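For reference, the chains in residue letters:
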Amino acid sequence: MLSIHNLSKIYANGAHALDRIDLSLQPGAITAIVGGSGCGKSTLLRLIAGLDRASDGAIRIGRETISEPHPDIGVIFQEPRLLAWLSVADNVAFGLRDRAKEEREALVANMLAQIGLSGYGARWPRELSGGQQQRIAIARALIAGPKALLLDEPFSALDMVTRQGLHQQLLALWAARKPTILMVTHDVDEAVLLADRIVVMRSNPGRIATIIDNPQARPRDRLSSSSERVQREVIAALDRTMRGEGERQLEAVGGWW
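Notes on the structure follow. Note that the coordinates shown come from a computational prediction; the quantities given were computed from them, not determined experimentally.

So, the pattern of salt bridges
Phase 1: Tallying each qualifying case throughout the model produces 11 salt bridges.
Phase 2: Between Lys-147 and Asp-72 there is a salt bridge; the shortest N-O distance is 3.8 Å. With a gap of 75 residues between them, Lys-147 in the loop between helix 4 (130-142) and strand 7 (148-152) and Asp-72 in the loop between strand 5 (64-66) and strand 6 (73-76) connect regions that are remote in the sequence.
Phase 3: A relative accessible area of 48% places Lys-147 in the partly exposed class.

What follows is the structure in structure tokens.
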């Protein structure tokens with residue numbers, strides 16, 4: 001449904017962020033990307049979202065090649081990025097300006113009910129907790145029915161209890177709508193809980209090191225032996241990429257000296 005072909009990104013200063021990324025996402029699947037800082041995870045999401053231009057390669061949704069923001073792709077950032085001067089209802093409805101008022105209001109009311117915030121429509125973003133604000137950001141991204149949803153570490157700034165609650169909220173919304181999800185995370189536990197496949201990246205330049213399938217049925221138990229087995233596999237893959245990066249750095253220093 002969403003596919004990336006030979007994608008590379010080189011910035012004007014010569015920094016090689018991504019090199020020949022190939023990745024295909026199946027309809028309705030959840031894919032997580034993990035990797036060390038600087039491996040190009042967020043750059044990849046920005047390219048797919050149309051917030052930046054690739055140096056080479058192509059991004060396709062279905063058979064359509066895209067290079068700018070697309071109505072079938074929703075984005076949820078690390079910060080909620082709500083508009084302070086709009087009510088909660090108007091923030092959720094921000095992407096529905098082309099709909100009739102009655103339809104827009106019905107969609108917003110239904111979405112607020114789904115995220116457990118019925119009755120919050122008239123409030124202002126400043127009156128919400130961090131977790132509630134992020135729920136509004138998720139609702140805003142999903143309300144127009146995108147086919148694909150990009151998540152750039154949207155839970156990383158939240159405490160553990162709030163984060164785990166939002167994991168379950170996201171899974172419930174996903175089960176009802178089945179968008180294709182691509183998420184960036186530093187949290188291996190989060191990746192194993194949510195994703196069907198886990199893409200491990202390495203840096204300098206950013207490349208896919210390996211892809212790990214997560215065969216567990218849902219709902220998943222974070223503490224089960226199956227979860228622990230997948231977690232160990234992901235951590236081992238990350239360790240290999242880190243060792244490889246350290247060896248390359250040592251070679252560079254040795255060569256310089």
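Now that the structure has been shown, the text picks up again.
Brief notes about the side chain of Asp-152
Phase 1: For Asp-152, the location among the structural elements is in strand 7.
Phase 2: Here Asp-152 occupies a buried position and makes no salt bridge, while the nearest side chain of opposite charge, Arg-81, is found at 6.7 Å.
Phase 3: When neighbours within four sequence positions are excluded, Asp-152 is seen to be in contact with Ser-42, Leu-45, Ile-76, Phe-77, Gln-78 and Val-184.

Topic: the nonpolar core
Phase 1: Core analysis: the largest hydrophobic core is formed by 47 residues, its most contacted members being Ile-136 and Val-234.
Phase 2: Broken down by element, this core gets its largest block of residues, 6 residues, from helix 4.
Phase 3: Discounting residues that sit within four places of it in the chain, Val-234 has contacts with Val-34, Val-188, Ile-198, Val-200 and Ile-212.
Phase 4: One finds Ile-4, Ile-59, Ala-148 and Leu-182 within the second-largest nonpolar core, a separate group that totals 24 residues.

Some words on the packing of helix 4 against helix 5 (residues 160-177)
Phase 1: It is at 11 Å that the axes of helix 4 and helix 5 come closest, and there the two elements cross at 15°. If you check the angle between helix 4 and helix 5, you find them roughly parallel. In this structure, helix 4 crosses over helix 5, and the sense of that crossing is right-handed. Here helix 4 contributes Gly-131, Gln-134, Arg-135, Ile-138 and Leu-142 to the contact with helix 5, which in turn contributes Thr-162, Leu-166, Gln-169, Leu-173 and Arg-177.
Phase 2: Residue composition of the contact of helix 4 with helix 5, grouped by class: 4 nonpolar, 4 polar and 2 charged.

Things to note about the environment of Gly-35
Phase 1: Residue placement: Gly-35 occurs in strand 3 (residues 30-35).
Phase 2: In this structure the C-alpha to C-alpha distance between Gly-35 and His-70, which are 35 residues apart in sequence, comes to 26 Å.
Phase 3: What Gly-35 contacts, discounting residues up to four positions off in sequence, is Lys-41, His-186, Met-201 and Leu-238.

Structural notes on the sheet that holds strand 4 (residues 56-61)
Note on sheets: strands pair through backbone hydrogen bonds, and any given pair is parallel or antiparallel.
Phase 1: Spatially, 2-1-4-5 is the arrangement adopted by the 4 strands of the open sheet, whose pairing is antiparallel. The open sheet has two edge strands, strand 2 (16-25) and strand 5, and neither has a second partner. Between one strand and the next, the sheet's axes are offset by a mean angle of 30°, whatever the strand orientation.
Phase 2: Lying on the sheet, helix 1 (residues 41-49) is in contact with strand 1 (2-10), strand 2, strand 4 and strand 5; it crosses strand 1 at an angle near 115°.

Observations concerning the packing of helix 3 (residues 101-114) against helix 5
Phase 1: Running from N to C, helix 3 and helix 5 point in directions that differ by 130°, and their axes come no closer than 11 Å. As far as their axial angle goes, helix 5 and helix 3 are oblique. Contacts between helix 3 and helix 5 involve Asn-110, Met-111 and Gln-114 on the former and, on the latter, Gln-169, Leu-173 and Arg-177.
Phase 2: Split by residue class, the contact of helix 3 with helix 5 holds 2 nonpolar, 3 polar and 1 charged.

A word on the sheet that holds strand 7
Phase 1: Pairing in this open sheet of 6 strands is mixed, and the strands run 6-7-8-3-9-10 from one edge to the other. Bordering the open sheet on either side are strand 6 and strand 10 (207-213), each of which pairs with just one other strand. The mean inter-strand angle of the sheet, taken between neighbouring strand axes irrespective of direction, is 20°.
Phase 2: Along the sheet, helix 1 makes contact with strand 3, strand 6, strand 7, strand 8 (180-184) and strand 9 (197-202), crossing strand 7 at roughly 150°.

Cut-offs applied
Residues numbered from 1 in each chain as written. Predicted model: local features only at pLDDT ≥ 70, side-chain atom pairs only at ≥ 80, totals over all residues. Heavy atoms only, no water. Salt bridge = Lys/Arg side-chain N within 4 Å of Asp/Glu carboxyl O. Helix = DSSP H or I, 4+ residues; strand = E, 2+ residues; numbered from the N terminus. Buried < 20%, exposed > 50% of the residue type's maximum accessible area, 1.4 Å probe, protein only. Lys, Arg positive; Asp, Glu negative; His and termini not counted. Contact = heavy atoms within 4.5 Å. Core = buried A, V, L, I, M, F, W, Y, C linked by side-chain atoms within 4.5 Å. Axes fitted to C-alpha atoms, helices over the stretch in contact; angles between N-to-C directions. Parallel < 35°, antiparallel > 145°, perpendicular 65-115°, else oblique. Left-handed = near helix turned anticlockwise from the far one by under 90°. Nonpolar A, V, L, I, M, F, W, Y, C, P; charged D, E, K, R; others polar. Pairing = 2+ DSSP bridges.

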